Amino acid sequence: MILFVTLSLFLLSGCGQAADTDNPPEIAYGQDVCERCGMIISEEKFAAAYWTEGGEARRFDDIGGMLAYISEESEDVASYWVHDFANGEWIRAEEAYYVLDSQLMTPMGFGIAAFADEEQAQALAHGQEGIMIMPFAKLLDMNITMPKDLHEDHS
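Read on for a plain summary of the structure. (Residues numbered from 1 in each chain as written. Predicted model: local features only at pLDDT ≥ 70, side-chain atom pairs only at ≥ 80, totals over all residues. Heavy atoms only, no water.)

1. Brief notes about the sheet that holds strand β1 (residues 48-52)
Taken in spatial order, the four strands make up an open sheet running β2-β1-β3-β4, and their pairing is antiparallel. Whereas interior strands pair on both sides, the edge strands pair on one side only; in this sheet they are β2 (57-60) and β4 (90-92). Averaged over all pairs of adjacent strands, the angle between their axes in this sheet comes to 25°, without regard to strand direction. The strands touched by helix α2 (residues 63-73) are β1, β2 and β3 (77-83); relative to β1, the strand with the most contacts, the crossing angle is about 30°. (Pairing = 2+ DSSP bridges. Helix = DSSP H or I, 4+ residues; strand = E, 2+ residues; numbered from the N terminus. Axes fitted to C-alpha atoms, helices over the stretch in contact; angles between N-to-C directions. Contact = heavy atoms within 4.5 Å.)

Quick look at the structure:
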């Protein structure tokens, strides 16, 4: 009986736990590297991530890098995550409002900031020409591969 219990515990401990795609993947800032460009992820407010349907985490140093990777790799995604530019908190990408500003200095030059609150996104864009605000679905539809792709006319 003791052998059976020991063997059962050993087998159970060998089973990996499924990824919790209802929460963002962890990022070790200053250590983890971007899936697309290989740079170390260091600026929380621009970092993004997603879980694949298979439970693999993909981490990025720039929201635009995540969008470009998705366009280039076409994976089945379980959940997308971005940081609120205002407070650094993780939010589901589909719930955020995105400011596209070619003058905004982001790690890979995509110029994208995410906000949980639409009013905060509007405040960043207020009175400035050429800045767009859009939902995540529209960003995905743009099939972004390079920073310049974002700032072409997508009205």
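There is more to say, and it comes next.
2. Let's talk about unusual backbone geometry
Phi is positive for Ser74, which is not a glycine, with a value near 45°. In this structure, Ser74 sits in the loop between α2 and β3. Backbone geometry at Asn143 places phi at a positive 50°, although glycine is not the residue there. Tracing the sequence through the fold places Asn143 in the loop between α4 (136-141) and α5 (147-150).

3. Things to note about the pairing of strand β5 (residues 97-100)
As paired elements, β5 and strand β6 (residues 112-115) share four bridges and run antiparallel to each other. Residue Tyr98 lies in a different strand from β6, and its bridge partner there is Ala114. Here β5 runs beside strand β7 (residues 132-135); their pairing, made up of four bridges, is antiparallel. For Leu100, the partnering residue across the bridge sits in β7 and is Met132.

4. Observations regarding the nonpolar core
A general feature of soluble globular proteins is that nonpolar side chains tend to end up buried together. Among the nonpolar cores identified, the biggest contains 30 residues, and Met66, Val82 and Tyr98 are the most heavily contacted of them. Those elements that place two or more of their residues in this core are β1, α2, β3, β5, β6, β7 and α4. Among the elements that take part in this core, α2 stands out by supplying six residues, more than any other. Once residues lying within four places of it in the same chain are set aside, the contact partners of Met66 are Ala48, Ala49, Tyr50, Phe60, Tyr80, Trp81, Val82 and Phe136. The next biggest cluster of nonpolar side chains, apart from the first, holds eight residues, and it includes Phe46, Phe115, Ala121 and Ala125. (Core = buried A, V, L, I, M, F, W, Y, C linked by side-chain atoms within 4.5 Å. Buried < 20%, exposed > 50% of the residue type's maximum accessible area, 1.4 Å probe, protein only.)

5. Quick look at the packing of aromatic side chains
The tally for this structure, following the rule as stated, stands at seven aromatic pairs. Ring plane angle 50° and centroid distance 5.7 Å describe the contact between Phe46 and Phe85, whose orientation is recorded as tilted. Of the two residues, Phe46 sits in the loop between α1 (2-14) and β1 while Phe85 sits in the loop between β3 and β4, which places them 39 residues apart along the sequence. For Phe46, a relative accessible area of 2% gives the class buried. Put simply, the rings of Tyr50, Phe60, Tyr69, Tyr80, Tyr98 and Phe136 pair up and form one aromatic cluster. (Phe/Tyr/Trp six-rings, centres within 6.5 Å; stacked < 30°, edge-to-face > 60°.)

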